[in-house]
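# Structural overview for review
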Amino acid sequence: MTDSNDTQPPTRPTAKVRILDALKRAERAVFTRPAPKSPRAKMKFLLTRSKGSTKAVAEDLGVSRSTVERYLSGASKRPQKRLQEALTEATEEQWQPQVRAQARQHAATSGGLVISCRAYFGFTADGTSDEGRVKDIITAVSPAQAAQILKLKEAGATDDDLQPLLAEAITYSYFQEGGTKRKGLRADFTDVEWLNISF
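The rules behind the values
Residues numbered from 1 in each chain as written. Predicted model: local features only at pLDDT ≥ 70, side-chain atom pairs only at ≥ 80, totals over all residues. Heavy atoms only, no water. Salt bridge = Lys/Arg side-chain N within 4 Å of Asp/Glu carboxyl O. Helix = DSSP H or I, 4+ residues; strand = E, 2+ residues; numbered from the N terminus. Buried < 20%, exposed > 50% of the residue type's maximum accessible area, 1.4 Å probe, protein only. Phe/Tyr/Trp six-rings, centres within 6.5 Å; stacked < 30°, edge-to-face > 60°. Core = buried A, V, L, I, M, F, W, Y, C linked by side-chain atoms within 4.5 Å. Polar contact = N/O pair within 3.5 Å; in protein donor to acceptor, adjacent residues only side chain to side chain. Contact = heavy atoms within 4.5 Å.

## Some thoughts on the pattern of salt bridges
Per the counting criterion, the structure on display carries 13 salt bridges. In this structure, Arg104 and Glu154 form a salt bridge, with 3.8 Å as the shortest nitrogen-oxygen distance. Separated by 50 residues along the polypeptide, Arg104 in helix α6 (residues 97-111) and Glu154 in helix α7 (residues 143-154) bring together distant segments of the chain. Judged by its relative accessible area of 18%, Arg104 is buried. Accessibility expressed as a relative area gives 48% for Glu154, which makes it partly exposed. The salt bridge involving Glu154 is made with Lys153; its shortest N-O contact spans 3.4 Å.

Right, here's the structure in full:
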């Protein structure tokens, strides 16, 4: 006996599109000097950025002031995993802000972004729908579209907010070849295996 659902296409699981993570990695790739490595060096850097306030550093990391002070003095040297991740994230978020700002400015005015990914793309065109498929894509996104993506990200957008804009940019630059082909086509991507963005 055949199940009537056998004729339906399988439902594809959706993987969270980690656009914000990809943009963070892109910014970190432009560092001209490596960020501090040891927990003590990271604490010292964060203390400098917080204008000497151990309280502010502790609040940012979700630990007590005494914990911050122990790492600053060298009494503690091996943070637990959660603190290690928080230290790395906070340090890299604040490392070389001018270098990162220059990279964003260049992308938004002249350089654009390069997006590479492996994902499941579904297509619609003029009211019709083509069968979706998994594709590996590398495409250069225009400065105007890069500016929209980066502006939204700076305004506090979530991955869900950014996904339609990224899909539109990929559609235009890759599938429509810069607007010269396949007018009316829209490509939505889900089930993302990996995503990289570079300046």
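On we go from here.
## Section: the packing of aromatic side chains
A full pass over the atoms with the stated rule returns three aromatic pairs. Judged by centre distance (4.9 Å) and plane angle (80°), the rings of Tyr174 and Phe175 are edge-to-face. Since its relative accessible area comes to 28%, Tyr174 is described here as partly exposed.

## Topic: the nonpolar core
Ranked by size, the top nonpolar core spans 28 residues in total, and within it Phe121, Leu166, Ile170, Phe189, Leu195 and Ile197 carry the most contacts. At the level of secondary structure, the elements contributing two or more residues to this core comprise α1 (19-28), β1 (113-125), β2 (128-141), α7, α8 (159-175) and β3 (185-198). Per-element accounting of this core gives the leading share, seven residues, to α8. Membership of the second largest hydrophobic core comes to 17 residues, among which are Val57, Val68, Ala90 and Trp95.

## Brief notes about the side chain of Ser50
Following the sequence through the fold, Ser50 ends up in the loop between α2 (39-49) and α3 (54-61). The exposure class assigned to Ser50 is buried, which follows from its relative accessible area of 17%. A polar contact of 3.1 Å, which involves the side chain of Ser50, links it to the backbone oxygen of Leu47. Reaching out from Ser50, the side chain makes a polar contact with the backbone oxygen of Ser53 at a distance of 3.2 Å. When residues no more than four places from it in sequence are discounted, the contact partners of Ser50 are Ala56 and Val57.

## Thoughts on unusual backbone geometry
One non-glycine residue, Lys51, adopts positive backbone phi at about 60°. Along the chain, Lys51 turns up in the loop between α2 and α3. Overall, Lys51 belongs to the exposed group, its relative accessible area being 79%. Unusually for a residue other than glycine, Gln96 sits at a positive phi of about 45°. Tracing the chain through its elements places Gln96 in the loop between α5 (81-94) and α6.

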